[in-house]
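Results of the structural survey
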Amino acid sequence: MKWEGNRESENVEDRRGEGGGGFGGLPIGGRSVGIGTIVVALLAGWIFGINPLTLLSMFAGGGEAPIVQQQQRAPAPPANDEAARFVSVVLADTEDVWTPIFQQAGSTYRQPRLVLFRGVTPTACGTGQSAMGPFYCPGDQKVYIDLGFFDTLKRELGAPGEFAQAYVIAHEVGHHVQNQLGITGKVDSMRGRISQADSNALSVRVELQADCFAGVWANKAQNARQILEQGDVESAMNAAAKIGDDALQRSAGRAVVPDSFTHGTSAQRQRWFTTGLKSGSMKACDTFNTRSL
Ligand SMILES: [Zn+2]
């Protein structure tokens, strides 16, 4: 995949220095503040009734800087971090694809943020964990990725390749697109009224549509920026196959139980990614009104 030198997104939050046991200090006001300072700030805040973050910001030399914003904005990844840079370029590419698509439909694409984390991290959807794989939280409109997943994808699931990783990111962004379109809300409101098996079947349609949207992204990105190299489509198709529910159940040594599927079979995931890739059209991605998935 050709991506070096392409635009990077400003929507990446790097929390990798925060979680997983290491406690080197919290990034506040662009500088690192030690744990001692934090304790002092908490104590002082408690004693004097001052917001500890205000104090921390003062200690960090932030002065009157807007504290709330600093809290939300984790630092961007360092420039020499290739894996993070790759994610940032792919995210930027999805922004460049979805913004005009929404514009043409008379609407506005609100860009999602992407959080890099290690181990565990708080989200509006509860505690995010690496073991869950990459995921999208509609509550805070953020995509969460532990870059370790790409090693799992390569080594344990047998799906190497940059474009395979890009497909995974584009799939998560596809969930954000669904959220923007109101699909996520509609589906969630239906869940309470249907059986578990029907709810799973609905999840499959949601997931396959996200695969199709990932394909739409790939189509547009290729037309605009010629990102694809030989073998790239195959590497994404291979990844789609390796993370199909049937493949995952088989590799976990379990019997394949279609009723428990929430993502679709390998063949379905490949088919819907291809549908998006070939057509470049969101209309082709109506997995909810198709008879055959
Ligand atoms: Zn998904």
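A brief structural summary. Every value quoted in this text rests on a predicted model; they were computed, and no experiment measured them.

**Considering the coordination of the zinc ion**
Here the zinc ion is held by the protein donor atoms His 171 (NE2), His 175 (NE2) and Glu 207 (OE), which lie 1.9 to 2.1 Å from it. Positions of the donor residues of the zinc ion, expressed as sequence spacing, correspond to H-x3-H-x31-E. On the criterion of helical spacing, the pair formed by His 171 and His 175 is a turn pair, its members being four residues apart in helix H6 (residues 162–180). Accessibility assignment for this pair places His 171 and His 175 in one class, buried.

**Notes on the pattern of salt bridges**
Pairing is possible between side chains that carry opposite charge, provided their charged atoms lie close to one another. All told, the structure shown has 12 salt bridges when counted by the stated rule. Arg 85 is the salt-bridge partner of Glu 4, the closest N and O atoms lying 3.4 Å from each other. Placement of Glu 4 in the segment before strand E1 (12–14) and of Arg 85 in helix H4 (residues 82–104) is noted, with a sequence separation of 81 residues between them. We note a salt bridge from Arg 7 to Asp 96, for which the minimum N-O separation is 3.0 Å.

**Comments concerning the packing of H6 against helix H9 (residues 232–242)**
Viewed as axis vectors pointing N to C, H6 and H9 meet at an angle of 55°, and their least axial separation amounts to 7 Å. Here H9 runs oblique to H6, going by the angle between their axes. Note on packing geometry: the crossing formed by H6 with H9 is right-handed. Packed against H6, whose contacting residues are Phe 163, Ala 164 and Tyr 167, the element H9 presents Asp 232, Val 233, Ser 235, Ala 236, Ala 239 and Ala 240 at the interface.

**Examining unusual backbone geometry**
A positive phi angle, close to 55°, is found at Gln 141, a residue other than glycine. Along the polypeptide, Gln 141 turns up in the loop between strand E7 (135–137) and strand E8 (142–145). Overall, Gln 141 belongs to the partly exposed group, its relative accessible area being 22%. We note that Gln 226 has phi near 45°; this positive angle belongs to a residue other than glycine. With respect to the helices and strands, Gln 226 occurs in the loop between helix H8 (196–225) and H9. Using a relative accessible area of 42% as the deciding quantity, one classes Gln 226 as partly exposed.

**A closer look at H9**
Three or more residues of H9 are buried, namely Asp 232, Ser 235, Ala 236, Ala 239, Ala 240 and Ala 241. Tucked inside the fold, the buried residues of H9 contact H6, helix H10 (245–251) and helix H11 (266–279).

**Examining the packing of aromatic side chains**
Tallied over the entire structure, the rule returns eight aromatic pairs. Each residue in the set Phe 117, Phe 135 and Tyr 144 is aromatic and connected to the rest through ring pairs, giving one cluster.

**Brief notes about H8**
Spanning 30 residues, H8 covers 43 Å between terminal C-alpha atoms, matching the ideal 44 Å at 1.5 Å per step. Where H8 ends, the next residue or the one after it, Gln 226, has phi of about 45°, a positive value.

**Brief notes about the state of the cysteines**
Summed over all chains, the structure comprises two disulfides. With a sulfur-sulfur separation of 2.0 Å, Cys 125 is cross-linked through a disulfide to Cys 137. Between Cys 125 and Cys 137, the S-S dihedral sits near 90°, and the bridge is therefore right-handed. Residue Cys 125 is located in the loop between strand E5 (120–123) and strand E6 (126–129), and its partner Cys 137 is located in strand E7; the two are separated by 12 residues in the primary sequence.

What counts and how
Residues numbered from 1 in each chain as written. Predicted model: local features only at pLDDT ≥ 70, side-chain atom pairs only at ≥ 80, totals over all residues. Heavy atoms only, no water. Donors = N, O, S within 2.8 Å, 3.2 Å for Na, K, Ca; no water. Helix = DSSP H or I, 4+ residues; strand = E, 2+ residues; numbered from the N terminus. Buried < 20%, exposed > 50% of the residue type's maximum accessible area, 1.4 Å probe, protein only. Salt bridge = Lys/Arg side-chain N within 4 Å of Asp/Glu carboxyl O. Axes fitted to C-alpha atoms, helices over the stretch in contact; angles between N-to-C directions. Parallel < 35°, antiparallel > 145°, perpendicular 65-115°, else oblique. Left-handed = near helix turned anticlockwise from the far one by under 90°. Contact = heavy atoms within 4.5 Å. Phe/Tyr/Trp six-rings, centres within 6.5 Å; stacked < 30°, edge-to-face > 60°. Expected span 1.5 Å × (residues − 1). Disulfide = S-S within 2.5 Å.

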